[in-house]
Amino acid sequence: MAEAREILTEIFPPQVIDSDLAEVGRRLFAREARFVAGASEASALLHDTLPEIAFAGRSNVGKSSLLNALTGRRALARTSNTPGRTRQINFFDLGARLMLVDLPGYGYAEAPKTEVRRWTALLRGYLRTRTALRRVCLLVDSRRGITEIDHPMMQMLDASGVSYQIVLTKTDKLGACELALVAERTAAELVAHAAAHPEIHLTSAFKGPGIAALRATLGSFALAAEEPSTVVLRGRPQ
Ligand code: GDP
């Protein structure tokens, strides 16, 4: 088992974190995270004043749990056993350095069609117009890997030219060998997606070092301490 973990970190380098970056990430996510606003229609979206990282994934993928684990808060984002409950875009200010954006979960079979259309339009509008959006973390349940339910979202991200990366969730439910297989399969699938970042993060909201590694990656997008947080951001970095 230990050997499989070592292979995993060799194949998927984001799991191995530079200690300086880890410290930047740790400090950033130790700052206060607070809910700022929820938008259920485009007109209610906040002006973008901070670099943004958005979190997307099918309902029940573990998105709320991951946001809570990253920020060290028990109930920043509401977790639920009722899939499809989050139906708006929620904005969380992280210490006036970074905006964490919780996008509505998709793929909930029982969601009414009009509702699905509404949030698809909201999401498309958000992705196309958001100049402060630095990256989308696309959460995928490690037990399933990418499925056809994720394809429309990946196509939307590719079409919008928004850089996104896969974050595998609930990795505590798999053994190291199974995890290595799903991670390799996922990496192979990403090759065909123009806007997908090749790095894959392996996380468990309940345990594991993946949270620190993800904090370190996201820390590189935050405003530096000396930068004013009220500037209106323009353009996306390469
Ligand atoms: P969301 O609908 O994507 O926000 O998903 P939630 O965060 O509400 O999680 C859905 C279910 O998965 C809940 O029962 C959580 O307890 C469970 N879950 C979330 N993250 C993990 C994890 O890292 N490990 C395990 N074993 N279960 C998790």
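Residues numbered from 1 in each chain as written. Predicted model: local features only at pLDDT ≥ 70, side-chain atom pairs only at ≥ 80, totals over all residues. Heavy atoms only, no water.

*Asks:* Would you take a moment to explain the packing of aromatic side chains for this structure?
*Replies:* For any pair of aromatic rings, the description rests on two quantities: the centre-to-centre distance and the angle between the ring planes. Within this structure, the stated rule accounts for 3 aromatic pairs. On the numbers, 6.5 Å between centres and 65° between planes, the contact of phenylalanine 91 with tyrosine 126 is edge-to-face. Residue phenylalanine 91 is found in strand β3 (residues 89–94), and its partner tyrosine 126 is found in helix α4 (residues 113–129); the two are separated by 35 residues along the sequence. Residues tyrosine 106 and tryptophan 119 carry aromatic rings whose centres are separated by 6.4 Å and whose planes lie at 25° to one another, so their mutual orientation is stacked. Pair noted here: tyrosine 106 is in the loop between β4 (98–102) and α4 and tryptophan 119 is in helix α4, with a separation of 13 residues, a long-range link. In this structure, tyrosine 106 and tryptophan 119 share a single accessibility class: buried. (Phe/Tyr/Trp six-rings, centres within 6.5 Å; stacked < 30°, edge-to-face > 60°. Helix = DSSP H or I, 4+ residues; strand = E, 2+ residues; numbered from the N terminus. Buried < 20%, exposed > 50% of the residue type's maximum accessible area, 1.4 Å probe, protein only.)

*Asks:* For this particular structure, what's the right way to read the confidence of the model for the protein chain?
*Replies:* Any residue range with low pLDDT should be treated as having predicted coordinates unsuitable for detailed reading. In the predicted model, the protein chain carries a mean pLDDT of 86, and the fraction of residues at 70 or more is 84%. In this model, residues 81–85 is a region of pLDDT below 50 whose contacts with residues beyond four sequence positions or in other chains number 8 contacts. (pLDDT = per-residue confidence, 0-100. Contact = heavy atoms within 4.5 Å.)

*Asks:* Mind showing me how you'd approach the nonpolar core here?
*Replies:* Generally speaking, a soluble globular protein has its nonpolar side chains buried in company with each other. Among the nonpolar cores identified, the biggest contains 39 residues, and Tyr126, Leu127, Val136 and Leu138 are the most heavily contacted of them. Sorting elements by how many residues they give to this core places α4 first, with 5 residues. If near-sequence neighbours (up to four positions away) are discounted, leucine 138 is found in contact with Ala56, Gly57, Tyr106, Met153, Met154, Leu157, Tyr164, Gln165, Ile166 and Val167. Among the nonpolar cores identified, the runner-up in size contains 24 residues, and Leu28, Leu67, Leu214 and Phe221 belong to it. (Core = buried A, V, L, I, M, F, W, Y, C linked by side-chain atoms within 4.5 Å.)

*Asks:* Teacher, can you tell me more about the environment of serine 40 here?
*Replies:* Note on placement: serine 40 falls in the loop between β1 (33–39) and β2 (52–57). On the accessibility criterion, serine 40 (32% relative accessible area) is partly exposed. For the pair serine 40 and leucine 122, spaced 82 residues apart in sequence, the C-alpha separation works out to 7.4 Å. Those residues in contact with serine 40, other than ones at most four positions away along the chain, are Gln88, Arg118 and Leu122.

*Asks:* What is the right way to read the sheet that holds β4 from this model?
*Replies:* Strand pairing in a sheet relies on backbone hydrogen bonds. The paired strands run either parallel or antiparallel. With respect to topology, 7 strands assemble into an open sheet ordered β1-β3-β4-β2-β5-β6-β7, the strand pairing being mixed. Pairing within the sheet leaves two strands with one partner each, and these edge strands are β1 and β7 (196–202). Between one strand axis and the next, the sheet turns through 25° on average, direction left out of account. By the bridge criterion, 6 bridges tie strand β5 (residues 133–141) to strand β6 (residues 164–169) in an arrangement that is parallel. Looking across to β6, one finds that valine 140 is bridged to leucine 168. Along the sheet face, helix α6 (residues 176–190) touches β6 and β7 and points at about 165° away from the line of β7. (Pairing = 2+ DSSP bridges. Axes fitted to C-alpha atoms, helices over the stretch in contact; angles between N-to-C directions.)

*Asks:* What is the right way to read helix α3 (residues 63–71) from this model?
*Replies:* Three or four residues apart is the spacing at which side chains of an α-helix point the same way, because the helix has 3.6 residues per turn. Within α3, 8 of the 9 residues are buried, leaving the element largely enclosed by the surrounding structure. Every buried residue of α3 is listed here: Lys63, Ser64, Leu66, Leu67, Asn68, Ala69, Leu70 and Thr71. Remark: glycine 72 follows α3 within two positions and exhibits a positive phi of approximately 65°.

*Asks:* Help me understand the site of the ligand, please; the structure alone is not making it clear to me.
*Replies:* Around the ligand there are 15 residues in total, and Lys63, Ser64, Ser65, Asp172 and Ala205 lie nearest to it. Residue valine 61 places a main-chain N or O atom 3.2 Å away from an oxygen atom belonging to the ligand. Alanine 205 is positioned with one of its backbone polar atoms (N or O) 2.7 Å from an oxygen atom of the ligand. Surface burial for the ligand is 83%, taken as the share of its 580 Å² of free accessible area covered by protein chains. (Near = heavy atom within 4 Å. Polar contact = N/O pair within 3.5 Å; in protein donor to acceptor, adjacent residues only side chain to side chain. Areas by Shrake-Rupley, 256 points an atom, 1.4 Å probe, with all protein chains shown as cover.)

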